[in-house]
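Each chain is listed here by its residues.
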Amino acid sequence: MAAGGAADAQARFGHSVKGLLTEKVTSCGTDVIALTKQVLKGSRSAELLGQAARNMVMQEDAILHSEDSLRKMAIITTHLQYQQEAIQKNMERSSNLQDQLSHLLK
């Protein structure tokens, strides 16, 4: 009977070890899955950061181009103002000349 009890105890111990081993394997599998998800999440974050950096560079180029365009438009506006002033002066002179001519012709 002692041999039967020892065999029974050994069988229970084997089942207990198998249960613990199964538990550990399951736990490790879960940990590997969680780690994989975290790595993929980190990879996606790096991808998003890279895309954001590329978008930022594109925006910076657009801003620089806009600044250059605004600077050019300011120069054109100044030139147009000078031309407008010159035209107004010429119109005043023309009006004075017309008055003088009409006065001479009378």
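A brief structural summary. (Residues numbered from 1 in each chain as written. Predicted model: local features only at pLDDT ≥ 70, side-chain atom pairs only at ≥ 80, totals over all residues. Heavy atoms only, no water.)

1. So, the overall build of the chain
In terms of helices and strands, the chain carries one helix and zero strands. By residue count, 0% of the 106 residues in the chain fall in the buried class. (Helix = DSSP H or I, 4+ residues; strand = E, 2+ residues; numbered from the N terminus. Buried < 20%, exposed > 50% of the residue type's maximum accessible area, 1.4 Å probe, protein only.)

2. Examining the pattern of salt bridges
Using the criterion set out here, one finds three salt bridges in the structure. One salt bridge in this structure joins Asp68 and Arg71, with 3.5 Å as the shortest N-O distance. Of the two residues, Asp68 and Arg71 both sit in helix H1 (residues 2-105), three residues apart, roughly one turn of that helix. In this structure Asp68 comes out as partly exposed when scored by relative accessible area, which is 28%. The exposure class assigned to Arg71 is partly exposed, which follows from its relative accessible area of 48%. Among the ionic pairs, Lys72 bridges to Asp68, the shortest N-O distance being 3.4 Å. Linking Lys72 with Asp68, this pair stays in helix H1, spanning four residues, or about one helical turn. (Salt bridge = Lys/Arg side-chain N within 4 Å of Asp/Glu carboxyl O.)

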